There are 2 protein chains.
Amino acid sequence: MGTRETIVEAAMAIVRDQGVARLTLDEAARKAGISKGGVLYHFKSKDDLIRGMVQRLIDQCDQLNQEYYQREPEGPYRWARTLVRACFDPTGPANDPVGGALLAAVTVNPVLMEPVHAMYAKWMERLASDSPDMTRAGLICTAMDGLYFQRLMGLRLCEADACERLMNHALELLTPKEGEPS
Amino acid sequence: MGTRETIVEAAMAIVRDQGVARLTLDEAARKAGISKGGVLYHFKSKDDLIRGMVQRLIDQCDQLNQEYYQREPEGPYRWARTLVRACFDPTGPANDPVGGALLAAVTVNPVLMEPVHAMYAKWMERLASDSPDMTRAGLICTAMDGLYFQRLMGLRLCEADACERLMNHALELLTPKEGEPS
DNA sequence: CCTACTGTACCGTCCAGCCGGTATAGTAGG
DNA sequence: CCTACTATACCGGCTGGACGGTACAGTAGG
């Protein structure tokens with residue numbers, strides 16, 4: 001694995017385990033097993049490092065969504081269903097406990113959120129492309145954001161089984177019944 | 001208004017207008033029109049100040065929920081409907097643009113989240129007390145969290161009208177139809 | 001030797017928390 | 001009424017440490 005990736009990985013781990021405040025160049029270097037100079041060689045500033053973290057998250061999400069999309073049967077709400085399934089992937093970035101605290105790090109510098117905004121816009125576009133009822137799809141996907149939020153905040157509302165019921169219920173709501181007005 | 005409240009108010013404003021990173025004792029003092037010493041007289045540390053902010057948020061939420069609960073007709077999902085309505089209150093804490101960035105401030109010190117956890121637990125209890133289908137209620141309320149998350153992150157997915165449609169759709173899903181199971 | 005990369009030493013800034021001080025009000029004893 | 005003492009509220013300078021960023025001196029592989 002490239003040094004760059006190692007550093008990003010280390011930075012993520014720090015945020016996850018110790019909170020955003022603890023993310024410093026020194027600490028990231030230590031955790032990555034190199035020196036601060038090394039970190040600053042690869043990322044020319046702390047903001048730059050955070051940018052790297054954000055990009056990584058986006059890439060992971062994109063990849064995961066792509067995979068689930070392939071696997072999801074065609075039909076209405078295919079993208080919405082994909083998003084739901086990806087959100088519950090136990091290995092995905094959404095389930096890294098407090099992992100996305102990356103986004104919290106971003107709170108410090110809102111400008112760094114722009115790539116995320118772009119990602120969201122893309123998702124919405126996809127969602128709109130195959131959702132018979134965009135309000136319905138939006139509501140369900142917003143619930144997925146809620147799940148993410150709860151994880152970020154350390155709220156443990158979903159025990160494993162309640163979690164699965166939640167997912168199934170969301171999917172049900174995205175499966176138009178026969179004879180139901182779209 | 002007591003000095004304590006003034007300080008909390010000032011701190012909130014800073015976080016809302018300038019981001020968490022800008023929240024310092026000096027700045028809070030300046031904005032509140034007193035000196036740093038004064039701030040530290042009322043809150044013995046920065047963490048303590050943040051604790052005060054969290055408490056204020058909780059109190060506001062509680063009050064808002066109480067109000068909406070009174071106004072909400074009896075019947076199944078009364079609490080769930082209350083939470084939905086409160087979430088869309090334009091003057092409520094949930095709609096203070098980026099206001100809840102308070103929670104982001106908290107990201108800095110996860111320990112300070114404990115009161116919020118307690119609040120959540122109470123909400124869940126209430127929710128469970130009058131929801132025929134807890135999975136349904138949980139999903140909808142999680143969507144409300146998602147809304148909050150999107151606001152925190154500066155994602156503007158709800159234009160005013162889409163927002164209203166979302167709320168109505170959520171309420172519909174909490175209004176059991178005649179002849180529907182459960 | 002040169003390029004890519006890593007390590008170390010250091011600088012300037014910022015900030016939390018401390019502390020000594022001031023002002024005001026209340027209270028008690030004589 | 002006056003003095004001594006105490007409590008509350010607030011002020012602002014100081015300091016020690018942390019952190020981002022720079023400069024520069026290696027060093028290993030090609």
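Source: prediction; values computed, not measured.

## A closer look at helix α1 (residues 3-18) of chain A
All names here are of chain A. Here α1 spans 22 Å end to end across 16 residues, near enough to the 22 Å set by a 1.5 Å rise per residue. The complete set of buried residues in α1 reads I7, V8, A10, A11, M12, A13, I14 and V15. Backbone geometry just downstream of α1 places G19 in the positive-phi region, at approximately 95 degrees.

## Focus: the packing of helix α1 (residues 3-18) of chain B against helix α2 (residues 25-32) of chain B
Residues and elements named next belong to chain B. Across the interface, α1 lies against α2 with an axial gap of 8 Å and an inter-helix angle of 115 degrees. Judged on the interaxial angle alone, α2 and α1 are roughly perpendicular. Between α1 and α2 the crossing geometry is right-handed. Seen from α1, the contacting residues are T6, I7, A10, A13, I14, D17 and Q18; seen from α2, they are E27, A28, K31 and A32. Partitioning the contact of α1 with α2 into residue classes produces 6 nonpolar, 2 polar and 3 charged.

## Here's the deal with the relation of the copies chain B and chain A
Each of the two chain copies goes to the other by way of a rotation about an axis and a shift along it. Laying chain B over chain A is done by rotating through 179 degrees and shifting 0.1 Å along the axis; what remains is an RMSD of 0.2 Å. Considering both components of the superposition, the chain copies are consistent with a two-fold axis. With an isologous cut-off of 70% or more, the 100% of interface residues of chain B that recur at the interface of chain A puts this contact in the isologous class.

## As for the nonpolar core
Membership of the largest hydrophobic core comes to 95 residues, with the highest contact counts inside it found for V84, F88 and M144 of chain A together with M53, V84 and M144 of chain B. With 17 residues, the next largest nonpolar core counts A10, M12, A32 and V39 of chain A among its residues.

Conventions adopted
- Residues numbered from 1 in each chain as written.
- Chains lettered and ligands numbered in written order.
- Predicted model: local features only at pLDDT ≥ 70, side-chain atom pairs only at ≥ 80, totals over all residues.
- Heavy atoms only, no water.
- Helix = DSSP H or I, 4+ residues; strand = E, 2+ residues; numbered from the N terminus.
- Expected span 1.5 Å × (residues − 1).
- Buried < 20%, exposed > 50% of the residue type's maximum accessible area, 1.4 Å probe, protein only.
- Axes fitted to C-alpha atoms, helices over the stretch in contact; angles between N-to-C directions.
- Parallel < 35°, antiparallel > 145°, perpendicular 65-115°, else oblique.
- Left-handed = near helix turned anticlockwise from the far one by under 90°.
- Contact = heavy atoms within 4.5 Å.
- Nonpolar A, V, L, I, M, F, W, Y, C, P; charged D, E, K, R; others polar.
- Least-squares fit on C-alpha atoms with pLDDT ≥ 70 in both.
- Core = buried A, V, L, I, M, F, W, Y, C linked by side-chain atoms within 4.5 Å.

Everything listed here is a matter of coordinates, which is why it stays silent on function.
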